[in-house]
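Structural description and commentary
Letter by letter, the chains look like this.
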Amino acid sequence: MARPPLILGLESSCDDTAAALVRGREVLSNVVMGQAELHAAFGGVVPEIAARAHVEKLDLAVQAALKEAQVKLADIDAVAVTAGPGLIGGVLSGVMCAKGIAAGAQKPLIGVNHLAGHALTARLTDGLPYPYLMLLISGGHCQYLIARGPGEFRRLGGTIDDAPGEAFDKTARLLGLPQPGGPSVEAAARSGDPSRFSFPRPLLDRPGCDLSFSGLKTALLRERDKLVDRQGGLTETDRADLCAGFQAAIRDVLTEKTRRALALYAEEEPELPAFAIAGGVAANTAIRTELETLCASKDIRFTAPPLSLCTDNAAMIAYAGGELFAQGACDDMGLAARPRWPLDNTAAPLVGGGRKGAKA
């Protein structure tokens with residue numbers, strides 16, 4: 001049997017500069033250079049700063065990935081790169097770097113949808129057969145997708161405003177907790193009382209799998225302001241209880257919406273039904289555990305990536321590129337960086353996507 005192609009992957013869609021070498025499902029190297037210290041003073045990612053940092057770090061990440069994998073640039077079979085969606089400056093930095101490498105080394109170039117990278121992580125780590133149901137929950141995206149192939153996805157629903165990761169980050173800022181907000185809120189919630197505050201469970205009164213978390217964030221803001229007005233500030237107990245209630249609300253919404261998505265997925269009558277989660281919020285233990293319990297009750301295989309592959313990384317891009325490459329996909333030097341790139345082009349745009357248009 002012929003060896004799978006060796007793919008160099010590049011990822012720069014937000015604030016992580018990453019490069020990886022993947023052969024089939026074997027991750028030979030996976031280098032991620034974060035930028036947390038550059039954005040810490042601003043309470044979130046500054047696109048211009050992120051783009052400049054990517055320009056400075058991309059070649060270093062590639063060199064480190066090649067060294068870790070103990071291969072040379074001439075050994076690779078193709079270059080896969082995130083071509084969108086994401087912060088356009090960062091995406092453009094990665095695409096231009098990949099073009100340079102592909103042209104200089106005379107290797108094929110493959111543009112990869114960042115969301116497809118997350119969605120195919122379950123195949124990289126666990127070899128899930130198509131079709132499987134995927135919940136992509138990250139800082140900028142939240143979608144239920146039926147994955148039928150590396151470039152074939154059916155969207156069942158998604159967020160009409162803030163993604164869960166955005167909501168976690170904004171909640172952390174409202175409560176004076178450090179960024180990134182997801183780990184900070186989860187850590188504070190461990191000692192909190194989730195029943196102290198009555199937070200809404202948005203859109204559970206409506207059919208379907210769409211989600212909304214902006215109103216939940218506003219409800220937390222109001223509870224915080226009541227406490228500040230009444231007692232002049234927040235205690236550590238207040239923060240813990242607010243975080244616990246907020247996290248429980250997101251967990252409950254995702255659990256119910258997943259129940260509905262599983263019912264729709266079952267209509268496809270998959271031979272080996274499976275449900276996978278991916279994205280940064282997939283690292284949240286409370287959410288992960290609840291969804292795993294739901295799947296166990298329905299005898300559906302549950303898959304979640306290791307924490308190192310939940311957040312943005314280039315191994316998922318290299319793997320997705322490898323699947324596309326196996327199908328004959330190849331881009332030329334006209335490959336464009338795209339700030340928005342829906343996985344399901346047949347689905348209607350999600351309403352409430354903000355001033356810049358419907359969410360990807």
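Below: a short report on this structure. (Residues numbered from 1 in each chain as written. Predicted model: local features only at pLDDT ≥ 70, side-chain atom pairs only at ≥ 80, totals over all residues. Heavy atoms only, no water.)

This part covers unusual backbone geometry. With glycine set apart, most residues show a phi of negative sign, and most peptide bonds adopt trans. Residues Tyr130 and Pro131 are joined by a peptide bond in cis, for which omega reads -10 degrees. Inspection of the secondary structure assignment puts Pro131 in the loop between helix 5 (121-126) and strand 6 (132-137). In this chain, Gln179 is followed by Pro180 through a cis amide linkage whose omega measures 0 degrees. Take Pro180: it is sitting in the loop between helix 6 (164-174) and helix 7 (181-189). (Helix = DSSP H or I, 4+ residues; strand = E, 2+ residues; numbered from the N terminus.)

Consecutive side chains of a regular strand alternate in pointing toward one face of the sheet and then the other. With seven of seven residues buried, strand 2 (residues 17-23) lies mostly within the body of the structure. Residues Thr17, Ala19, Leu21 and Arg23 line one face of strand 2 and the alternating positions Ala18, Ala20 and Val22 line the opposite face, and both faces are buried. Note that strand 1 (residues 6-11) and strand 2 share six bridges and pair antiparallel. Bridge pairing in strand 2 places Leu10 opposite Ala19. The antiparallel pairing of strand 1 with strand 2 creates a hairpin that spans five residues between the two strands. With seven bridges connecting them, strand 2 and strand 3 (residues 26-33) associate as antiparallel partners. The partner of Arg23 across the bridge, within strand 3, is Glu26. Taken together, strand 2 and the strand that follows it, strand 3, pair antiparallel across an intervening segment of two residues, in which Gly24 is found at a positive phi of about 65 degrees. (Buried < 20%, exposed > 50% of the residue type's maximum accessible area, 1.4 Å probe, protein only. Pairing = 2+ DSSP bridges.)

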